[in-house]
Structures are given as C-alpha cells and as structure tokens.
Amino acid sequence: MKKLSFILVGLCFLLFGCPHDAKLANGERTVQGEQFTTISSLAYIGGSVVYNPSNPLSAQLYNGANIAIYHSELKKTQESAEALIEGTTETETWTAKPVDTFSIDREKDIYGYLKIRAVSSEVIVFDYHRFQSPEKKVVKSYSLKKNKTLDLDNDGQPDVKV
C-alpha cells in the first residue's frame, strides 16, 4: 500500500505542472486554438513556483507571469500477470495474479494557465484561463490569501496554495 501511495503521489506531480512563464500570445490578437496548441505541447512537471519578493525578475512568480496548468485523471484497470510468488532458483513457483495498472485518461485532460495579476507575500491575484476545447476558453478570477488553498478542477484536492 505504501508503494502504491508513493506511485500515485509521483503521478500526481507528473500530471499537474507549472512550466514557468509559458509564451502565450495575447488572446485578443491570437486565435484561442493557437494558445491551446502552445499550452498542450508543453512538458509538465509538478511542484512549486518560486517567488522572490526582493527580486521578482529572478523568480517564476511575478506580476504578469503566465503559468501553464495541466490536469488529468488516472484510470485504473486490472490485468493478469505472472509473478514469482515463492521459491528459489531450483523450485520456482509462478502464479497468475491480478495486477492494477494505471494510465492517463486523455478524455479528461484539462489545459490552461494562470495569468498573475498581482503577487505579494500575503496574497496572489490571478486569472485562470481554462480551455474547454481548443477553440473555447473560460476565464475566472481569483484572489487567494496566505495559507489558503484553491481547488481549480473540482476534484477535492487543492491545486494552488499560497
């Protein structure tokens, strides 16, 4: 169970990422499909975004920054696999056992980005641009205070913490 938890946490980090300052074209001058293509072609890693109030240009989080976001879900399937259950090299016993496998459910992929409007050590104000399709984008604004969290994809897990 401990190993499975470690794998799931690792996959969560893989699935939610924050490439810093994604080069997004201005939405008013560019077709949203081009923005979607840019966002969906990035490589994602999970983790934190660096904030440096004394030198904002040396950080990833600053006023005007674009932070790409990717959410997805894992789908679990069960397969049969042969495993060495007991024995030594002289008396091996191989048995078929059900094994859980996990894969990314591409039907549930969500791409978007955070447009940082204001950031300080006490609060962050941003717009969440979420693509519902390559041609349709929804924008919501948020203000999040220090020590608060926000669940952007409504999966019950916090996605942003200040």
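Note that the structure is a prediction, hence the values are computed from the model and not measured.

(A) Structural view of the side chain of His129. In this fold, His129 is placed in strand E5 (residues 123-133). On the basis of relative accessible area, His129 is assigned to the buried category, the value being 11%. Within the local environment of His129, its side chain forms a polar contact with the side chain of Lys137, the two groups lying 3.3 Å apart. In this structure, His129 is in contact with Tyr111, Gly112, Tyr113, Lys115, Lys137, Val138 and Val139, ignoring residues within four places of it in sequence.

(B) Spatial organisation of the confidence of the model for the chain. In this model, the chain carries a mean pLDDT of 77, and residues with pLDDT of at least 70 account for 73%. Within the model, pLDDT remains below 50 along residues 1-21, and this stretch shows 43 contacts once partners closer than five positions in the same chain are excluded.

(C) Broad picture of the nonpolar core. Judged by nonpolar contacts, the single largest core of 16 residues is most densely connected at Leu114, Ile116, Ile124, Phe126 and Tyr128. Of all the secondary structure elements, the ones that give two or more residues to this core are strand E1 (66-71), strand E4 (110-119) and E5. With four residues, the single largest contributor to this core is E4. When neighbours within four sequence positions are excluded, Ile124 is seen to be in contact with Leu61, Ile116, Ala118, Val119, Tyr142, Ser143, Leu144 and Val162. Formed by eight residues, the second largest nonpolar core is a distinct cluster that contains Tyr44, Ala68, Tyr70 and Phe131.

(D) Summary view of the pattern of salt bridges. Counting across every chain of the model gives four salt bridges. In this structure, Glu73 and Lys108 form a salt bridge, with 3.5 Å as the shortest nitrogen-oxygen distance. A residue pair is termed long-range when its members are at least 10 positions apart, and Glu73 in the loop between E1 and strand E2 (74-87) and Lys108 in the loop between strand E3 (92-104) and E4 qualify at 35 residues. For Lys108, a relative accessible area of 40% puts it in the partly exposed group.

(E) Region of the structure containing unusual backbone geometry. Phi is positive for Asn147, which is not a glycine, with a value near 70°. Along the polypeptide, Asn147 turns up in the loop between strand E6 (136-145) and strand E7 (149-150). With a phi angle near 55°, Asn154 is a residue other than glycine that sits in the positive phi range. The exposed category is assigned to Asn154, whose relative accessible area is 66%.

Thresholds applied
- Residues numbered from 1 in each chain as written.
- Predicted model: local features only at pLDDT ≥ 70, side-chain atom pairs only at ≥ 80, totals over all residues.
- Heavy atoms only, no water.
- Helix = DSSP H or I, 4+ residues; strand = E, 2+ residues; numbered from the N terminus.
- Buried < 20%, exposed > 50% of the residue type's maximum accessible area, 1.4 Å probe, protein only.
- Polar contact = N/O pair within 3.5 Å; in protein donor to acceptor, adjacent residues only side chain to side chain.
- Contact = heavy atoms within 4.5 Å.
- pLDDT = per-residue confidence, 0-100.
- Core = buried A, V, L, I, M, F, W, Y, C linked by side-chain atoms within 4.5 Å.
- Salt bridge = Lys/Arg side-chain N within 4 Å of Asp/Glu carboxyl O.

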